[in-house]
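Now for the letters of each chain:
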Amino acid sequence: MDYPERLITVADGVHVWAPDGVGTWGLANCVLVTSRDEAALVDTPYTTDLTERLLAAAQPLLPPGGRIGTVVNTHANGDHAYGNCHFPDAEIISSEAGLEHARNEPGPEQLHQLVHHSDRGTPLGWYLYEHFGRYDFRGMEPTGPTRTFSGELTLTVGATELRLIEVGPAHTTGDVIVHLPEQGVVCTGDVYFEGDHVVHWAGPLSRVADAVRTVLDLDPAVVVPGHGPVGGPRELRAHLAYLEDITARIHALREQGRDAAEAAAELLRTDPYPRLGMPERLCILTELEYQHLDAAPTVAGPIQLVTAAARAAFDRAHPGHRDGDQG
Ligand SMILES: [Zn+2]
């Protein structure tokens, strides 16, 4: 796996570390904001190794002394926040709901155990190792935010204004987008993915679509997704159409009386977006959306949701190995 040795400058003082994460989990974009003698980072990488690579790539852009004084977490998933532990002197900011989510998110050591000690003969164990086996999470201290807010918070980094806007629950319960009005940039976190099917953990999908509309209403020139290549409003509008279409397909299948597993299987079979990777994520979206539509008392946790996706990916990768299937 190649990781970027340079950040992409997308506007004055706004630089994106954009690993090629299409087709897998965990490689998220991080955005470095520099102005005068200050620097801030939107999201931290998944592992110690990735954080070291990011910092090496960022070095030439950092102010004298190289200090990153502010870290913003768009949400509490590990691929955006585990790296917090490598910024012990920074103020780490998330939404209050994001802090609550961080308390329930599996920690790095826990994930390491799960990935490296699950039975790889099972679809879940195979899938976890396939996508997360390359990561070493050992020795990373779970590090949550040191400052939280609800609604909106405006920060200044040097002469640059960062508007933090809470848009969750959407991808997770505590999602935040970061708007740099003068630079015309919005960092969306995972309310927007580019290149792969999306995955969401909180929902319902209408909330994610609302979050995307909030980004569009800010009229940005540059949109930095949580994962995948940097785009603009055109790509984001196309993404909104995709989200609305997937949502409508799931709702229609439910109205036809299909259960969540049947609906997911039908979506996978017809695969309306063959250009996008990670089609098994449709299982997660379907299960989550059904739970909202059925007003289930609690929404399933990530492992439960990933299990269905793992099964679908396993079947696709091992044709003829389906339980009870002689084909
Ligand atoms: Zn992510």
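Quick notes on the rules
- Residues numbered from 1 in each chain as written.
- Predicted model: local features only at pLDDT ≥ 70, side-chain atom pairs only at ≥ 80, totals over all residues.
- Heavy atoms only, no water.
- Donors = N, O, S within 2.8 Å, 3.2 Å for Na, K, Ca; no water.
- Tetrahedral: all angles 85-135°; square planar, octahedral: opposite > 155°, others 65-115°.
- Helix = DSSP H or I, 4+ residues; strand = E, 2+ residues; numbered from the N terminus.
- Buried < 20%, exposed > 50% of the residue type's maximum accessible area, 1.4 Å probe, protein only.
- Salt bridge = Lys/Arg side-chain N within 4 Å of Asp/Glu carboxyl O.
- Pairing = 2+ DSSP bridges.
- Axes fitted to C-alpha atoms, helices over the stretch in contact; angles between N-to-C directions.
- Contact = heavy atoms within 4.5 Å.

Caption draft 1: Geometry of the coordination of the zinc ion. Taken together, D79 (OD), H80 (NE2), D190 (OD) and H227 (NE2) make up the protein donors of the zinc ion, found 2.0 to 2.4 Å from the metal. With 4 donor atoms in place around the zinc ion and angles of 86 to 160° between them, the coordination shape is irregular. Donor residues for the zinc ion, ordered by position in the chain, follow D-H-x109-D-x36-H. In this pair, H80 sits in helix 2 (residues 78-81) while H227 sits in strand 12 (residues 222-227), placing the two residues 147 residues apart along the sequence. The burial state of H80 is the same as that of H227; both residues are buried.

Caption draft 2: Quick peek at the pattern of salt bridges. Following the criterion strictly, the structure yields 13 salt bridges and no others. Here E152 and R163 are joined by a salt bridge, their closest N and O atoms 3.1 Å apart. With E152 in strand 8 (residues 152-157) and R163 in strand 9 (residues 160-166), this residue pair connects regions lying 11 residues apart in the sequence. On the basis of relative accessible area, E152 is assigned to the partly exposed category, the value being 47%. A relative accessible area of 21% means that R163 is categorised as partly exposed.

Caption draft 3: Examining the sheet that holds strand 8 more closely. Taken in spatial order, the 5 strands make up an open sheet running 8-9-10-11-12, and their pairing is mixed. Lying at the two open borders of the sheet, with one neighbouring strand each, are strand 8 and strand 12. With direction set aside, neighbouring strand axes in the sheet form an average angle of 25°. Against the sheet, helix 7 (residues 233-255) engages strand 11 (185-193) and strand 12, with an angle of about 25° to strand 11.

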